Amino acid sequence: MVNLIDKTGAARPRHPEKVNRPDAEVLRKPEWIRVKAPGSPVYRETQQIVRENGLVTVCEEAGCPNIGECWSHKHATFMIMGEICTRACAFCNVRTGLPNALDPNEPESVAIATEKLGLRHVVITSVDRDDLPDGGARHFADVVRAVRARNPQTTIEILTPDFLRKEGALEIVVASKPDVFNHNLETVPSKYLKVRPGARYFHSIRLLQRVKELDPTMFTKSGIMVGLGEERNEVLQLMDDLRSADVDFLTIGQYLAPSRKHHPVARFVTPDEFKSYATIATTKGFLLVASSPLTRSSYHAGEDFARLRAARLARLAGA
């Protein structure tokens, strides 16, 4: 066995697999996609709480356009298991490489930060950890239980990896009893090879279906980005695939390229098109649909959870 040691002192690029790609064309953003720069006092307070507890947020790592608004309301989405992902998706801004060891103190740190921020609904996501035998499932479950123990009134939403080829991992996570189980499809199947090459579309569909089989009371959720070159009929078929898995909540948002090295934006989908997708998805039977240019998985998650719960009660009452 040969160990290679880098003695050059050069900083490792954030996305080494994208360094040699040609720069993509950048489309001018339309007016409806622009947001204000962050910087309110509450934003800075949220930032301080995150830093003091040594936590990572997907808000920062993924370059979310809504960070200013969300952090100004003390709404942060925690990204557990480090800031380095074992996948190299063409759309994602999270750093790629070999991750560090899991932090055994992270579950309690997330629980403490949830308490300090006063979150009534917390969203917890993670990088992909293909290097771990269980994909990080036990760590995910430990975080959920720690948050629940310290914040019994807080509802918990998780956004998980696909746990591809990790036998028994999903069962471990579902057994921790989050209120919402989210796993994003990200795009239509024809785009997986270029956009999400490490994943398998129908595995992700089956993952979401399996959650409902394990716990029929658990809310399930998935999201996609549009503007990657998908066709409208492909999005409608994806909706049908998710409904066949009994998914409750669908989010649809505009893809924004983090850099010229990432997958290019094929086009900016208009607000009217997003409204049309929402109308169609609702008629297909989703309990809740969030569809707009700036929609992201955890955007307004707390308010959406209240609406989701109310929609289920209304449907049960009318059954």
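Here the structure is shown first, and the text comes after it.
What counts and how
Residues numbered from 1 in each chain as written. Predicted model: local features only at pLDDT ≥ 70, side-chain atom pairs only at ≥ 80, totals over all residues. Heavy atoms only, no water. Disulfide = S-S within 2.5 Å. Buried < 20%, exposed > 50% of the residue type's maximum accessible area, 1.4 Å probe, protein only. Helix = DSSP H or I, 4+ residues; strand = E, 2+ residues; numbered from the N terminus. Pairing = 2+ DSSP bridges. Right-handed = clockwise from strand over helix to strand, strands pointing away. 1 Å grid on protein atoms, 1.4 Å probe; cavity = no way out; pocket = protein on both sides within 12 Å on 5 of 7 lines; lining within 4 Å. Points joined across faces, edges and corners; volume = space filled by probe spheres on them. Nonpolar A, V, L, I, M, F, W, Y, C, P; charged D, E, K, R; others polar. Core = buried A, V, L, I, M, F, W, Y, C linked by side-chain atoms within 4.5 Å. Axes fitted to C-alpha atoms, helices over the stretch in contact; angles between N-to-C directions. Left-handed = near helix turned anticlockwise from the far one by under 90°. Contact = heavy atoms within 4.5 Å. Salt bridge = Lys/Arg side-chain N within 4 Å of Asp/Glu carboxyl O. Expected span 1.5 Å × (residues − 1). Phe/Tyr/Trp six-rings, centres within 6.5 Å; stacked < 30°, edge-to-face > 60°. Lys NZ or Arg CZ within 6 Å of the ring centre and 35° of its normal.

1. Remarks on the state of the cysteines
Should the sulfur atoms of two cysteines be covalently bonded, the bond is a disulfide. The tally for this structure, following the rule as stated, stands at zero disulfides. For C85, which is in no disulfide, the shortest distance to another cysteine sulfur is to C92 and amounts to 6.4 Å. Among the cysteines around C89, which has no disulfide bond, C92 carries the closest sulfur, lying 6.3 Å off. When its relative accessible area of 15% is taken as the criterion, C89 is described as buried.

2. What to know about the pairing of strand 9 (residues 288-291)
Here strand 9 shows a buried face lined by L288 and A290 and a second buried face lined by V289 and S291. Judged from the four bridges that link them, strand 8 (residues 249-254) and strand 9 form a sheet pairing that is parallel. Among the inter-strand pairings, F249 is bridged to a residue of strand 9, identified as L288. In the classification by handedness, the crossover that spans strand 8, the intervening helix 10 (residues 271-283) and the parallel strand 9 is right-handed.

3. A look at the layout of surface pockets
By volume, the second largest pocket amounts to about 260 Å³. Every residue along the wall of the second largest pocket is listed here: D162, F163, R165, K166, E167, G168, L170, E171, H203, R206, L207 and R210. Listed by contribution, the elements that provide at least two residues to the lining of the second largest pocket are helix 6 (169-175) and helix 8 (201-214). The leading source of residues in the lining of the second largest pocket is helix 8, at four residues. Here the lining of the second largest pocket is built from residues that sort into three nonpolar, two polar and seven charged.

4. Things to note about the nonpolar core
When a protein is soluble and globular, its nonpolar side chains tend to lie buried together. F78, V110, I124, F140, V147, I158 and F181 are the most contacted members of the largest nonpolar core, which totals 36 residues. Put simply, the parts of the chain that give this core at least two residues each are helix 1 (41-52), strand 1 (77-80), helix 4 (106-117), strand 4 (121-126), helix 5 (137-150), strand 5 (155-159), helix 6 and helix 8. Here this core takes six residues from helix 5, the largest share from any one element. Counting 24 residues, the second largest nonpolar core, distinct from the first, contains Y192, Y201, L208 and V226.

5. So, the packing of helix 4 against helix 5
Put simply, helix 4 and helix 5 touch, their axes get as near as 8 Å, and they point 40° apart. The two elements helix 4 and helix 5 meet at a crossing, and its hand is right-handed. Taken together, the residues of helix 5 that come into contact with helix 4 (itself represented by E106, P107, E108, V110, A111, I112, T114 and E115) are H139, D142, V143, A146, V147 and R150. Counted by class, the contact of helix 4 with helix 5 contains seven nonpolar, two polar and five charged residues.

6. Quick notes on empty space enclosed by the protein
Within the structure shown, the criterion is met by one cavity of 30 Å³ or more. Taken as a whole, the largest cavity encloses approximately 40 Å³ of empty space. Lining the largest cavity, in full, are R87, D128, R129, D130, G135, P161, D162, F163, L164 and K166.

7. So, the pattern of salt bridges
Summed over the entire model, instances satisfying the criterion amount to 21 salt bridges. For the salt bridge of D248 with R312, the shortest nitrogen-to-oxygen distance reads 3.9 Å. With D248 in the loop between helix 9 (232-244) and strand 8 and R312 in helix 11 (residues 301-318), this residue pair connects regions lying 64 residues apart in the sequence. Connected via shared salt-bridge partners are R87, D128, D130 and D162.

8. A word on helix 4
Spanning 12 residues, helix 4 covers 16 Å between terminal C-alpha atoms, matching the ideal 16 Å at 1.5 Å per step. When we look at burial in helix 4, the residues that qualify are E106, P107, S109, V110, A111, A113, T114 and L117. Positive backbone phi, at 65°, marks G118, one or two positions downstream of helix 4.

9. What about the environment of A146?
As for its placement among the helices and strands, A146 is situated in helix 5. The buried category is assigned to A146, whose relative accessible area is 13%. Along the primary structure A146 and A111 are separated by 35 residues, whereas in three dimensions their C-alpha atoms are 5.8 Å apart. If near-sequence neighbours (up to four positions away) are discounted, A146 is found in contact with P107, E108 and A111.

10. Considering the packing of aromatic side chains
Within this structure, the stated rule accounts for three aromatic pairs. Their ring planes at 90° and their centres at 4.8 Å tell us that Y201 and F202 sit as a pair that is edge-to-face. Between F219 and F305 the ring centres are 5.8 Å apart and the planes differ by 85°, which places this aromatic pair in the edge-to-face class. Of this pair, F219 sits in strand 7 (residues 219-226) while F305 sits in helix 11; the two residues are 86 residues apart in sequence, bridging distant segments of the chain. Like F219, the residue F305 is buried in the burial classification. In textbook terms, an aromatic cluster arises when at least three aromatic residues are bridged by ring pairs, as seen for Y192, Y201 and F202. A cation over an aromatic ring shows up here: R312 above the ring of F219, its NZ or CZ 3.7 Å from the ring centre.

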